[in-house]
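The primary structure of each chain is shown beneath.
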Amino acid sequence: MDEQFDLYLSLLLEANAVMNLTAIREPEEIRVRHFEDSLKLLGCADFRNRRVLDLGSGAGFPGLPLKIAEPSIALTLLDGTGKKVEFLRRVADALGLRDVACVHGRAEEYAHGPARESFDIVTARGVASLPLLCELALPLLKPGGVLLAMKSTAFESAPYRLLGGERGEDYIYELSDGTLHNVITVLKITFTNKIYPRPWAQIKRKPLV
């Protein structure tokens, strides 16, 4: 596992020299702020043999570190930027990770396709405000699934029930550098109305309340 993280770090630093994947450039800081931070989600849900979608995956956080630590995950990495998706494919191939799908697409469109309500867990870090994220993510979760939103400790309300969910508990954790982070959980209780998610422009213009 350590060798996989070392290779991931090397590939990230190499790619980051020519494209904007992360503002963090110091190797040890990447290990803490990206790798360690991602792995903290393992304490928020049972990932074993779960179908997991990492929404807006970017450079692969938290999805790829979770897959390295728990190989039984069936992982989908979704991002709207083609160059980032190509990077994710290169990393997954180089690390020898199996059952990883790297998808170039937008969540509000992806959720109206075959992937709708098919995932056990959706993870998201730095993707929109919580009301907007819920509309993107909850239609992709099967009933009984959970959204793990890596958000600030400040309380955010969202239209959980309208989208078939309810607010779960928050998980506050400390990184080895002393930084406190928070995960908001949203439980998927029932099926989401097929009108959601709406087009992105409409989601942004008129968030659900």
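Before reading on, note that the structure itself is shown above.
I will try to describe carefully the structure that is included in this document. Being a predicted model, the structure only gives us computed values, none of them experimental.

## What about the overall build of the chain?
- Helix and strand counts for the chain stand at seven helices and seven strands.
- Listing the helices and strands of the chain from first to last along the sequence gives α-α-β-α-β-α-β-α-β-α-β-β-β-α.
- Referenced to the eigenvectors of the C-alpha coordinate spread, the extents of the chain come out at roughly 45 × 35 × 35 Å.
- Evaluated residue by residue, the chain yields a buried proportion of 52% over its 209 residues.
- Long-range contacts, defined here as pairs at least 24 residues apart, represent 68% of the contacts in the chain between residues at least 6 apart.
- As displayed, the chain has an accessible area near 9,800 Å², and 51% of this comes from carbon and sulfur atoms.
- The centroid of the 26 positive side-chain charges in the chain is displaced by 9 Å from the centroid of its 27 negative side-chain charges.

## Things to note about helix α6 (residues 130-137)
- By the criterion of burial, α6 is predominantly enclosed, with eight of the eight residues buried.
- Within the sequence span of α6, burial applies to Leu 130, Pro 131, Leu 132, Leu 133, Cys 134, Glu 135, Leu 136 and Ala 137.
- On its buried face, α6 sits against β1 (51-55), α5 (107-110), β4 (119-125), β5 (141-151), β7 (180-188) and α7 (200-205).

## Here we look at the pattern of salt bridges
- By the definition in use, this model includes twelve salt bridges.
- Arg 198 is the partner of Glu 135 in a salt bridge, and the nearest nitrogen-oxygen pair spans 2.9 Å. Of this pair, Glu 135 sits in helix α6 while Arg 198 sits in the loop between β7 and α7, and the two are 63 residues apart along the sequence.
- For Asp 170, the salt bridge is made with Arg 167, and the minimal N-O distance between the two is 2.9 Å.
- Taking the relative accessible area as the measure of exposure, Asp 170 reaches 31% and is therefore partly exposed.

## Comments concerning the environment of Gly 96
- With respect to the helices and strands, Gly 96 occurs in the loop between α4 (82-94) and β3 (100-104).
- According to the relative accessible area criterion, Gly 96 is exposed, its value standing at 53%.
- On a C-alpha basis, the gap between Gly 96 and Arg 205 in space is 42 Å, while along the polypeptide they are 109 residues apart.

## Quick notes on the packing of helix α1 (residues 2-16) against helix α2 (residues 27-39)
- Their axes nearest at 11 Å, the elements α1 and α2 cross at an angle of 120 degrees. As judged from the angle between their axes, α1 and α2 are oblique. α1 and α2 meet at a crossing whose hand is right-handed. Residue-level contacts link Phe 5, Asp 6, Tyr 8, Leu 9, Leu 12 and Leu 13 of α1 to Pro 27, Ile 30, Arg 31, Phe 35 and Leu 39 of α2.
- Looking at the contact of α1 with α2 residue by residue, the classes come out as nine nonpolar, no polar and two charged.

## Focus: the pairing of strand β6 (residues 165-174)
- Pairing geometry for β6 and β7, over eight bridges, is antiparallel. Across the sheet, the residue bridging to Arg 167 is Val 186, located in β7.
- As consecutive antiparallel partners, β6 and β7 are separated by five residues, and within that stretch Gly 178 has a phi angle of approximately 95 degrees, a positive value.

## Overview of α1
- Given a rise of 1.5 Å per residue, 15 residues ought to cover 21 Å, and the 21 Å separating the end C-alpha atoms of α1 matches this to within 8%.
- Taken together, the buried positions of α1 are occupied by Phe 5, Tyr 8, Leu 9, Leu 12, Ala 15 and Asn 16. Buried positions in α1, seen along its axis, are confined to an arc of 140 degrees and lie on one side of it. Opposite the buried face of α1, at more than 90 degrees from it, the exposed residues are Glu 3 and Glu 14.
- On the buried face of α1, the contacting elements are α2, α3 (63-69) and α4.

## Quick word on the sheet that holds β7
- Strands sit in the order β3-β2-β1-β4-β5-β7-β6 across an open sheet of seven strands; the sheet is mixed. Single-partner strands in this sheet number two, and they are β3 and β6. Strand-to-strand twist in this sheet, taken as the mean axis angle between neighbours without regard to direction, amounts to 20 degrees.
- On the sheet, α4 packs against β2 (74-79) and β3 and is oriented at approximately 170 degrees with respect to β3.

The rules behind these values
Residues numbered from 1 in each chain as written. Predicted model: local features only at pLDDT ≥ 70, side-chain atom pairs only at ≥ 80, totals over all residues. Heavy atoms only, no water. Helix = DSSP H or I, 4+ residues; strand = E, 2+ residues; numbered from the N terminus. Buried < 20%, exposed > 50% of the residue type's maximum accessible area, 1.4 Å probe, protein only. Contact = heavy atoms within 4.5 Å. Areas by Shrake-Rupley, 256 points an atom, 1.4 Å probe, with all protein chains shown as cover. Lys, Arg positive; Asp, Glu negative; His and termini not counted. Charge placed at Lys NZ, Arg CZ, Asp CG, Glu CD. Salt bridge = Lys/Arg side-chain N within 4 Å of Asp/Glu carboxyl O. Axes fitted to C-alpha atoms, helices over the stretch in contact; angles between N-to-C directions. Parallel < 35°, antiparallel > 145°, perpendicular 65-115°, else oblique. Left-handed = near helix turned anticlockwise from the far one by under 90°. Nonpolar A, V, L, I, M, F, W, Y, C, P; charged D, E, K, R; others polar. Pairing = 2+ DSSP bridges. Expected span 1.5 Å × (residues − 1). Arc of directions from axis to C-beta.

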